[in-house]
Amino acid sequence: ALKGRRGGRRRETMGLREVARERLVAEMVESSVKDLPDNEWTLLVVDETTTKVLSSVCSVSHLVEKRVSLVENIQKKRQPLPNMTVIYFISPTQGSVSRLLADFQAKNPLYKRACVFFSSQLPKQELERIKQSPTLLSRLGALKELNLEFLAIDSRGFTTAGAREETLKDVFGEDANSSGSYEREMDLIVRRLASVFASLKEMPAIRFRMGKPPQEGDPVGASERQLISQRIAVALHAELTDMRQKMAADDSFPNTETCDLVIVDRGMDPVAPFMHEWTYECMCFDLLDDVIENNIFKYTIDTNKGSEEEREVVLGEQDPIWVELRHKHIAEASLLLNDKMNYFKSANKLAKHKANQGNQDDIDTGDLKQMVESLPQYREQLKRLSLHVHIATKLNTLAKQMGLHEIGKLEQDLVYGNATSKEGIKLLGAR
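Residue numbers here run from 1 along each chain, matching the order of that chain's written sequence. Whole-chain, interface and lining totals are the exception, using all residues; otherwise, since this is a predicted model, local features are given only for residues with pLDDT of at least 70 and side-chain atom pairs are given and counted only at 80 or more. Note: side-chain values were computed over all heavy atoms of the structure, leaving out hydrogens and water.

Enquirer: Explain the overall build of the chain to me, please; I cannot follow it from the model alone.
Expert: Across its full length, the chain holds 17 helices and 13 strands. Residue burial is assigned from relative accessible area. The probe radius is 1.4 Å, only protein chains are included, and a residue is buried under 20% of its type maximum, exposed over 50%, and partly exposed in between. Scored against the burial criterion, the 431 residues of the chain give a buried share of 40%. In this analysis, two residues are considered to be in contact whenever any of their non-hydrogen atoms come within 4.5 Å of each other. Relative to all contacts within the chain whose residues are 6 or more apart in sequence, the contacts with residues 24 or more apart total 75%. Just so you have it, the chain exposes about 25300 Å², and 51% of that area is on carbon and sulfur atoms. In this description a helix means any DSSP run of H or I spanning at least four residues, a strand means any run of E spanning at least two, and both kinds are numbered starting from the N terminus. Values of accessible area rely on a 1.4 Å probe in the Shrake-Rupley scheme; residue burial ignores everything except the protein chains shown.

Encoded structure:
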């Protein structure tokens, strides 16, 4: 949880995606191409980590607008372009640094000039390796820690884990604390959290849940798991302090605490994972997982010609109706959609004309002109409304067919102690 204290430097009007995109474009791409001739383009080289970061906030058009002609993976073999300037956006790992050095071997360097940006702080040993490459140093246009490694989910949400299914096991597993994967995962979480604050230009006062003293009868590894929030808090404070010292010269990081960061773990609320969410967004991804992939919803409509047509639409923040509905209970979302459709039909003259089944007695020349001018907007609004009415109807139908209302009530009763295991077995057995 993050709560801001100041207003002067805070980017209140921008979401996380916009903040990250602005940094990538301004601090990385524009700074790299500013000295190039107007007709000269560049290319961008990324690794597995930064590919996810980049794709979460930028589209191809954002890069093309800034004269980036191509995005390539550093792990793959690439065509030599000895007359071109290249931008590297890579994570500061041994593997990515090795590939960078291999691109600038003394005999056959791949590119004329390199602007290198690391997604998080570069370890000293990797910096020393770079210093030992005279070919790279002679062609180096920039070497900077961008500190941008979180993955933006939407304008207000982000994740530090990406799509790794092993994260939960690596951090909370029985043998997690004694494994090397635990330390790597904790370091990754801290680095990426730090990159969020570097992007927001915030210095947090960190508050966390203290671990409880070990007690007799605790499960194996319980005391270590209870210290996770505390360990992240301590490591994050050290990382941010180091970052602030490095960025003190350009005054791009605040010297005093500007917001509050609260770090907790699932131990604060162990019940929630056992209850299904009934919000519009959660139900979409729970019940429509067969037709939603990478936030793209696939559906079929009946055309005016009597045939069926398959369509795809992105469920994202470019759709204002999705943004308005996604965190509302499905019942509230359905009522709101019904109200929107009724209001739209009554307020839009073209929709009213269609509802009157072609009765043109009450439409004058001015009305006709207004109808024609509003036609593209009308079609887009009606298309979005119809889409979400279709989705909500499908969700309600599936919930009824699967008996989810009874299951949801049972889940609540079990959580609040108003139901017994016998009732749960009885309902599940009937299903």
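From this point, the discussion proceeds with the structure in view.
Enquirer: Just to check I follow, could you spell out the packing of aromatic side chains for this structure?
Expert: Only rings of Phe, Tyr and Trp enter the pairing, Trp through its six-membered ring, and a pair is recorded when the two centres are within 6.5 Å. The plane angle decides the type: under 30 degrees is stacked, over 60 is edge-to-face, the rest tilted. Counted according to the given criterion, the structure contains 7 aromatic pairs. Plain terms: the ring middles of Tyr88 and Phe104 are 6.2 Å apart, the flat faces sit at 55° to each other, and that makes the pair tilted. One end of the pair, Tyr88, is in strand S4 (residues 81-90); the other, Phe104, is in the loop between helix H4 (94-103) and strand S5 (111-118), with 16 residues separating them in the sequence. Measuring from centroid to centroid gives 5.8 Å for Tyr280 and Trp322, while their planes differ by 55°, and the two rings are tilted. Residue Tyr280 is located in helix H11 (residues 280-287), and its partner Trp322 is located in helix H12 (residues 320-325); the two are separated by 42 residues in the primary sequence. Among the aromatic residues, those joined into a ring-pair cluster are Tyr88, Phe104 and Tyr111.

Enquirer: Which parts of the structure should I look at to understand the environment of Leu315?
Expert: Tracing the sequence through the fold places Leu315 in the loop between strand S13 (308-314) and H12. In this structure the C-alpha to C-alpha distance between Leu315 and Arg326, which are 11 residues apart in sequence, comes to 9.6 Å. Here Leu315 is in contact with Ile292, Asn295, Phe297, Trp322, His388 and Ile391, once residues within four sequence places are set aside.

Enquirer: Would you mind going over a negative patch on the surface with me for this structure?
Expert: Taken together, Glu277, Asp286, Asp289 and Asp290 make up a surface patch of like negative charges. Inspection of the secondary structure assignment puts Asp286 in helix H11. Under the relative-accessibility criterion, Asp286 is labelled partly exposed at 44%. In this analysis, a patch consists of residues with relative accessible area above 30% that form no salt bridge, clustered at 9 Å for like charges and at 5 Å for the nonpolar side chains Val, Leu, Ile, Met, Phe, Trp and Tyr. Whenever a carboxyl oxygen of Asp or Glu lies within 4 Å of a side-chain nitrogen of Lys or Arg, that contact is scored as a salt bridge. Positive charges come from Lys and Arg, negative ones from Asp and Glu, while His and the chain ends are left out of the count. Charge placement uses NZ in Lys and CZ in Arg. For Asp and Glu, CG and CD serve respectively.

Enquirer: Could you clarify how one ought to interpret the sheet that holds S13 in this entry?
Expert: Strands pair in a sheet through their backbones, by hydrogen bonds, and they do so in one of two ways: parallel or antiparallel. Ordered in space as S11-S12-S13, the 3 strands form an open sheet in which the pairing is antiparallel. The strands lining the two open edges of the sheet, one partner per strand, are strand S11 (292-293) and S13. Strand pairing is defined by DSSP finding a minimum of two bridges between the two strands. Where strand S12 (residues 296-302) lies against S13, 7 bridges are found, and the strand directions are antiparallel. Paired with Tyr299 across the bridge in S13 is Arg311.

Enquirer: I would appreciate a short explanation of the sheet that holds S5 in the present structure.
Expert: Spatially, 5 strands are ordered S3-S2-S4-S5-S6 in an open sheet, and the strand pairing comes out parallel. In this open sheet, the two strands that pair with only one neighbour each are strand S3 (68-73) and strand S6 (140-145). For this sheet the average axis-to-axis angle between neighbouring strands, irrespective of direction, equals 20°. Bridging between strand S2 (residues 42-46) and S3 involves 5 bridges; their strand directions are parallel. The partner of Thr42 across the bridge, within S3, is Val68. Every angle, taken between N-to-C directions, lies between 0 and 180 degrees, and every axis is a line fitted to C-alpha atoms, over only the stretch in contact when it is a helix.

Enquirer: Which parts of the structure should I look at to understand unusual backbone geometry?
Expert: Negative phi is the rule for most residues except glycine; trans is the rule for most peptide bonds. With a phi close to 55°, Asn147 is a non-glycine residue in the positive phi region. Mapped onto the secondary structure, Asn147 falls in the loop between S6 and strand S7 (151-152). For Asn295, which is not glycine, the phi dihedral falls at a positive 65°. On the accessibility criterion, Asn295 (34% relative accessible area) is partly exposed.

Enquirer: Quick question: what am I supposed to make of helix H16 (residues 404-415) here?
Expert: Residues spaced three or four apart along an α-helix point in a common direction, a consequence of the helix completing one turn every 3.6 residues. If you check H16, its first and last C-alpha atoms are 16 Å apart, about what 12 residues at 1.5 Å a residue would give, namely 16 Å. Along H16, the residues classified as buried are Leu404, Gly408, Leu410, Glu411 and Asp413. Where H16 ends, the next residue or the one after it, Gly417, has phi of about 80°, a positive value. By this rule, a helix spans an expected 1.5 Å times one less than how many residues it contains.

Enquirer: Help me out: how do you make sense of the pattern of salt bridges in this one?
Expert: Evaluation of the coordinates by the stated rule reveals 21 salt bridges. For Lys66, the salt bridge is made with Glu30, and the minimal N-O distance between the two is 2.9 Å. Of this pair, Lys66 sits in the loop between helix H3 (60-64) and S3 while Glu30 sits in helix H1 (residues 16-33), and the two are 36 residues apart along the sequence. Of the residues examined, Lys66 reaches a relative accessible area of 27% and is grouped as partly exposed. The exposure class assigned to Glu30 is partly exposed, which follows from its relative accessible area of 32%. Between Glu317 and Arg326 there is a salt bridge, and its shortest N-O distance comes to 3.0 Å. Residue Glu317 is classed as partly exposed on the basis of its relative accessible area of 25%. The structure contains a network of salt bridges with shared partners spanning Glu149, Asp187, Arg191 and Arg192.

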